[in-house]
Structures are given as structure tokens and as C-alpha cells.
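Architecture and fold: a report
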Amino acid sequence: MNRIVVVSAGLSVPSSTRLLADRLAAATTEALAEAEVVHVELRALAHPLADHLLTGFPHGELAAAIEAVTSADGLIVVSPVFSASYSGLFKSFFDVLEPGALDGTPVLIAATGGTSRHSLVLDHALRPLFSYLHAVVAPTGVYAATDDFGTAGLDGRIQRAAGEFAALVGKPADRGVATDDVMQVRRSTAEEFADPTPFEELLRNASR
Amino acid sequence: MGMQFGIFTVGDVTTDPTTVRTPTEHERIKATVAIAKKAEEVGLDVFATGEHHNPPFIASAPTTTLAYIGAQTEKIILSTATTLITTTDPVLIAENYAKLQHLTDGRVDLMMGRGNTGPVYPWFGKDIRDGIELAIENYSLLHKLWREDVVNWQGKHRTPLQGFTSTPRPLDGVPPFVWHGSIRSPEIAEQAAYYGDGFFHNHIFWPASHTAQMVELYRRRFEHYGHGQAHEAIVGLGGQVFMRRNSQDAINEFRPYFDKAPVYGHGPSLEDFMEQTPLTVGSPQQVIERTLGFREYAGDYQRQLFLMDHAGLPLKVVLEQLDLLGEVVEVLRKEFAAVRKPGVPDAPTHATRVAAAGGPADSSVYAAADDVTGH
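The rules behind these values
Residues numbered from 1 in each chain as written. Chains lettered and ligands numbered in written order. Predicted model: local features only at pLDDT ≥ 70, side-chain atom pairs only at ≥ 80, totals over all residues. Heavy atoms only, no water. Buried < 20%, exposed > 50% of the residue type's maximum accessible area, 1.4 Å probe, protein only. Helix = DSSP H or I, 4+ residues; strand = E, 2+ residues; numbered from the N terminus. Arc of directions from axis to C-beta. Contact = heavy atoms within 4.5 Å. pLDDT = per-residue confidence, 0-100. Pairing = 2+ DSSP bridges. Right-handed = clockwise from strand over helix to strand, strands pointing away. 1 Å grid on protein atoms, 1.4 Å probe; cavity = no way out; pocket = protein on both sides within 12 Å on 5 of 7 lines; lining within 4 Å. Points joined across faces, edges and corners; volume = space filled by probe spheres on them. Nonpolar A, V, L, I, M, F, W, Y, C, P; charged D, E, K, R; others polar. Axes fitted to C-alpha atoms, helices over the stretch in contact; angles between N-to-C directions. Left-handed = near helix turned anticlockwise from the far one by under 90°. Buried area = accessible area lost by both parts, 1.4 Å probe. Salt bridge = Lys/Arg side-chain N within 4 Å of Asp/Glu carboxyl O. Polar contact = N/O pair within 3.5 Å; in protein donor to acceptor, adjacent residues only side chain to side chain. Phe/Tyr/Trp six-rings, centres within 6.5 Å; stacked < 30°, edge-to-face > 60°. Core = buried A, V, L, I, M, F, W, Y, C linked by side-chain atoms within 4.5 Å.

Moving on, we come to helix H2 (residues 46-55) of chain A. Within H2(A), the full set of buried residues consists of Pro48(A), Leu49(A), Asp51(A), His52(A) and Thr55(A). All buried residues of H2(A) lie within an arc of 160° about the axis, which places them on one face of the element. Those residues of H2(A) hidden inside the fold are in contact with helix H3 (60-70) and helix H4 (88-95) of chain A together with helix H9 (270-276) of chain B. With its phi angle positive at about 85°, Gly56(A) sits one or two positions after the end of H2(A).

So, on to the confidence of the model for chain A. Summing up the model confidence of chain A, the mean pLDDT is 92 and the portion of residues at 70 or higher is 93%. Contacts from residues 175-183 of chain A, a stretch scored under 50 in pLDDT, to residues over four places away or in other chains number 14 contacts.

The next subject is the pairing of strand S5 (residues 108-113) of chain B. Residue and element names in this part refer to chain B. Of all six residues that make up S5, six are buried, and the element is covered over most of its length. Where strand S3 (residues 77-80) meets S5, two bridges bridge the pair, whose relative direction is parallel. Across the sheet, residue leucine 78 finds its bridge partner in S5, namely valine 108. Relative to S5, strand S4 (residues 83-84) is paired through two bridges, and the arrangement is parallel. Within S5, the position partnered with leucine 84 by the bridge is glycine 113. Chirality of the crossover, the property in question, places the unit of S4, helix H3 (residues 90-103) and S5 among those that are right-handed. Sheet topology places S5 next to strand S8 (residues 177-181); four bridges connect them, and they run parallel. Each bridged residue has a counterpart across the sheet, and for aspartate 109 the counterpart in S8 is phenylalanine 177.

Attention shifts here to empty space enclosed by the protein. Residues and elements named next belong to chain B. A complete count under the given rule lists four cavities of 30 Å³ or more for this structure. Looking at the largest cavity, its volume works out to about 70 Å³. Around the largest cavity, the lining residues are Ile77, Gln101, Gly106, Val108, Asp109, Pro175, Pro176, Phe177, Pro348, Thr349, His350 and Arg353. Those elements that provide at least two residues to the lining of the largest cavity are S5 and helix H13 (350-356). Tallied by class, the residues present in the lining of the largest cavity amount to six nonpolar, four polar and two charged. When its volume is computed, the second largest cavity comes out at roughly 40 Å³. Every residue along the wall of the second largest cavity is listed here: Ile85, Met112, Gly113, Arg114, Ala135, His180, Gly181, Ser182, Ile188 and Gln191.

The next subject is the packing of helix H6 (residues 186-195) of chain B against helix H7 (residues 208-224) of chain B. Residues and elements named next belong to chain B. Closest axis-to-axis distance for the H6/H7 pair is 8 Å, and the angle between their directions is 35°. The element H6 and its partner H7 pack so that their crossing is right-handed. From H6, Pro186, Ala189, Glu190, Ala192 and Ala193 reach across to H7, where they touch Met214, Leu217, Tyr218, Arg221 and Phe222. Considered class by class, the residues forming the contact of H6 with H7 number eight nonpolar, no polar and two charged.

So, about the interface of chain B and chain A. Facing 31 residues of chain B, the contacting portion of chain A comprises 22 residues. Between chain B and chain A the total buried area reaches about 2,200 Å² when both faces are included, carbon and sulfur atoms providing 64% of it. Considering only the surface of chain B that becomes buried against chain A, Ile136(B), Arg184(B) and Gln276(B) emerge as the three largest contributors, covering 20% of it. Viewed at the interface, chain A and chain B are joined by one salt bridge. Salt-bridge contacts for Glu98(A) lead to Arg184(B); the nearest nitrogen and oxygen are separated by 2.8 Å. Where chain B packs against chain A, one counts ten residue pairs in polar contact (both at pLDDT 80 or more). Of all elements in the fold, only helix H5 (131-147), H6, H7 and H9 of chain B reach the threshold of two or more residues within the side of chain B that touches chain A. It is H6(B) that contributes the most residues to the side of chain B that touches chain A, six residues altogether. Tallied by class, residues from the side of chain B that touches chain A come to 14 nonpolar, nine polar and eight charged.

With that settled, the discussion passes to the packing of aromatic side chains. Within the structure shown, the criterion is met by 24 aromatic pairs over all chains. Relative to Phe94(A), the ring of Phe93(A) has its centre 5.2 Å away and its plane inclined at 90°; by these criteria the two rings are edge-to-face. On the basis of relative accessibility, which here comes to 0%, the residue Phe93(A) falls in the buried class. Look at Phe94(A) and you get buried, because its relative accessible area is 4%. Judged by centre distance (5.5 Å) and plane angle (55°), the ring pair of Phe258(B) and Phe273(B) falls under tilted. In this pair, Phe258(B) sits in helix H8 (residues 247-260) while Phe273(B) sits in helix H9, placing the two residues 15 residues apart along the sequence. Overall, the relative accessible area of 1% leaves Phe273(B) in the buried class.

A word on the nonpolar core. With 103 residues, the main nonpolar core has Ile7(B), Tyr218(B), Phe254(B), Val281(B) and Leu325(B) as its most contacted residues. The residues touching Tyr218(B), leaving out its near neighbours within four places in the chain, are Ala189(B), Ala192(B), Ala193(B), Asp197(B), Gly198(B), Phe199(B), Ala233(B), Ile234(B) and Val235(B). Counting residues in hydrophobic clusters, the runner-up holds 39 residues, among them Val69(A), Leu75(A), Ile109(A) and Ala111(A).

Attention shifts here to the pattern of salt bridges. Residue and element names in this part refer to chain B. Counted under the stated rule, the structure contains 28 salt bridges over all chains. Taking the shortest distance from any N to any O, the salt bridge between aspartate 323 and lysine 38 comes out at 3.0 Å. Of the two residues, aspartate 323 sits in helix H12 (residues 315-339) while lysine 38 sits in helix H1 (residues 25-41), which places them 285 residues apart along the sequence. Residue lysine 38 is classed as buried on the basis of its relative accessible area of 14%. Taking the shortest distance from any N to any O, the salt bridge between lysine 156 and glutamate 133 comes out at 3.1 Å. Of this pair, lysine 156 sits in the loop between strand S6 (151-153) and strand S7 (161-164) while glutamate 133 is found in helix H5, placing the two residues 23 residues apart along the sequence. Several salt bridges converge on common partners, so that one network encompasses Arg244, Glu253, Lys316 and Glu320.

All names here are of chain B. Within helix H10 (residues 284-292), burial applies to Pro284, Val287, Ile288, Thr291 and Leu292. Along H10, the residues classed as buried sweep out an arc of 125° about the axis, all on the same side. Here the buried face of H10 lies against strand S11 (241-243), strand S12 (280-282), helix H11 (295-298), strand S13 (303-306) and H12.

Written out as C-alpha cells, the structure is:
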């Protein structure tokens, strides 16, 4: 069964960001027929995240959240818009992931805001961030302004985004990138510890 | 000598947050010497200094510092923690530390590391993106320079050498023992294992899980490369402590230093950080118990160094700490020896390495003479 992790960065309770996240999770579960959904609320991780930025390592619940996110079959990420972009809390979480942690992971991007004037935040802020992280971003993202929650159109956008995202999750991307005739695969830290590159090879590469 | 105990310093010039006074470079340099001499006086085995080339550190020119301390001490082993194998010419390392070996009658070893900051690379004409490559290529040359009298060598990161002899040759024909230090790079554990050198984990500021993971990899690969069984690999660990007879006094006194310290200050609370990392602030007995626990995840190991002079602690307090550490180490020696598994090697020293090599062999290299005149 696919495991979908939902990261939401809403600050208030109840939160419209969490509300949108729940709708996207439900629509995705429906599209996949079945899925295990795990929620990661960043509000509770604000202090551990600040500590991680200063000390360079996660602990406790943050370590568990990072483990959940980096081992997910697909991610739904939802941020409120702050000053024309994702919130600092949202960005901080993705800042502390190891390089390569989201390589090839399907991601559904979504955002909430007070006004529909911020809707391009999806394509100007969230999409480039996840492209940089080498995630596979679903073509449709969902932006919901406060007044969208009272209109019919939001539902259709949620269905469409969840359908595209579910298709990506159901057909996992190859985590390697083919260049010329060599398959270059970035190895995770865990893989390197389990099966280290032999020293003779490191020595050859060092002087090549 | 089963295990070695000592101290390591990063040579930071940090404002004392309780008096808001910052020592001068001169004061800090002289304090480092006083600390090293005190370490010998209280019965420690090792003094190690870091190498940094930027403020707020006074840890540049490590061989100058170590030679000066060496001249004023008799027994203590002088080490680095760490030598920048990435940005320092291996030819200079070979010369400087072989010279130090002669001057101090073999009381020298080195710990290799990659450096603390990106800009240090361009200061020495290098590129941080080559960090691992430099650590690997430079060390392979250094290893050769200490073992072969005449070296022909070609690599990517420095000019080739043709018929080069590094002088002086190592004391008694035995190069200084080398440790490789890294917090999280598996390549460095692999490197230490390949050469059968020691592996040191700084074991401060980060969770012990990093240490366990690196030491496990090093031991496994040490065995793979045929240097002995995993439990025979040579492991060193760091640690950071602050002690008073009464543990609450230790916490109250250290807290302002912790709260504003470089690296972890302004972050987690002292209590959280003690739980998350090997930092121990408390009574000598608490330090003894915590330290004895390190072997549970690192195995029986050979060297334990403590960071004692960090975060702006004044010299007087550091010297008091060393008095306490002397008492703690006396207990640790006995307790570690009592639980040590059979077959675990002793910490390497120049004397044991010379003995293992079959005795001292003068390795002086003389310039070639004319075959006809003898001149």
C-alpha cells in the first residue's frame, strides 16, 4: 500500500491550510483506491527546526517527521502564503533534509492565502523549490484563497490535482538519471554506510 | 598503556559571557601552553590542538605550538585535532611532523581532517568541492613520503615529484601514528580502514548515533582490508565535560557559557543538549559513568580526548577542571581496564610501534657522494 505523507505548515487551529491538506489527502486516497496517510504538522516542530538550523542535527519528533517524509511514496505539501511566498517554517523543514532525500519523489503542491492574487505562488515559489530538490511535481497544484472555500471550483481542482498525483505515485519514477551511456545514481548516506565505495575506487577518482 | 586519555582544543578566542571580556590572542596562545603543561601535570597522556586559519581562532601554525609545548613537557603525547590534509601541502606535513618527532623523541601523532569552513580552501589555492579528493590524494602522498626514501609521484592536485626525499626521515624509521577524523563522511572511515590507521570521532556537538555509525563502518572495513578483526581496530573518541563536586553547581556555572557558545549556543537548552549529545555537565562521578558508557556503542577503544577550554571559559576555571579531570581519569583507567575485552590492542605509541617494527632503524638519507673522489 502506498504511503502518502502530508506536510502542512498552517499556524492556526483550525487551519485552512490543514483543511486543504485533508481534502487533497482524501481525494488522493480515493484515486489510489487505498493509501496510508501520515500527517506532519510543522507548527509543533517549529522549535526543533530552529534547533536543527543551529546544531545541524534533528532530534525526537523532528527526526521522526524527516524519516516519514523521506521514505514516503508521495508527498502532499501545503503552505500558507507569507509575504508572497511559502512560509519560513515551511521552507525551514525542506532546508534541513539531506541532499537527494526527495530525488524522484512525487509531490503535490498546494497553498492557501487570504486572496486569490497570490495564486501564482505555486508556480513561482513551490514548483521551483521541489524541482530543485529533484522531486517529481504533479502538473496541477491547488491554491485556495479564503473565498475559494465557498465556491464550487475548488473541488474540481482538488480532484484533478489528486488524480495526476495518484498516477505519479502509482508509477514510481526511476530514481536514477541517465547521462550518456552511464547510469548515474545518487547514493543515499544510508546506502553508502551499508555498502561503502571501495577505497581503491575513491583513490582512482581523487586523482582522475 | 591500555587506553590514552587527554584533551583537545580548537583554540577559539571567545568572549567570557559572564564578564563580557574577550582574551587577546596573546593571552589565549599563552593559556593554551599553560593548559597543555597542566594536562601533563595531572597525569593525562595526550594534548591535541586543532588547526584553523581564521578568527576567532589562534590555532594556526600547530607545529610551532606543539614544539614549544614539547620543549616544556616530558611525557605527554602531542597531537593535532585536526591537521588540514586538504589544504596543507603533504610535503610540508611530512617535513614538519617528522621534525617534531625527532625534537620530542617520538611524542607525536596526527589526526587528519578536512577543515571547518569553505573559504579556507581558496586561502590555500584549493576548492572545497574537491574536499574528499584532496583528503584522499594528499594523504596517499604523505603516506608514501614517510615510507619511501625516494619518491616519484604524480597526482591531480599538486605538482609532480621526481626523485624527492622528504627530510628528516621519520624517527627510528617509524612514521608518526595517524588518526583520521570525520563526523559523517563514510569515505574517511573507509580511508582509515584501508591504511589500517586509527579512526577518531570528535563525538561532541552531535548525537552519538553519528559516532556509532562511523565507528561501526571503520571497524567492519578495517577487518575487510585484513588489518585484523573489527575489535582490533584503533578507535578514538572526543567528549565534552564540565564538572564541579556538586552537579547543580556545575550546571549553574556552565549554563551561561553553554547558552552563548559557538556552534550550539542560542539553540537547545543545556538539558536537551546533554540528552541529545555526549556533553556531560555535572559531578566527576556523572562524568565517569557517562564516559564508561561510550564503549557500549563504540566498542573497547584506545583514546579518549575531552574538550575543556571551549566557549570562553577563563584559564583559571579550565585549570581547575583539569585537576578534576586528572582524578576522573585515574578512575576511568581502572574501570575501563576492568571491563575491556581480551584481544583489544593498547593505544599505539612511538615505543610500541618501534618494537612492532623490530626495533629502531636509523633512516637518515645522505646525499649521494662522488664515486671517484668520495666527496
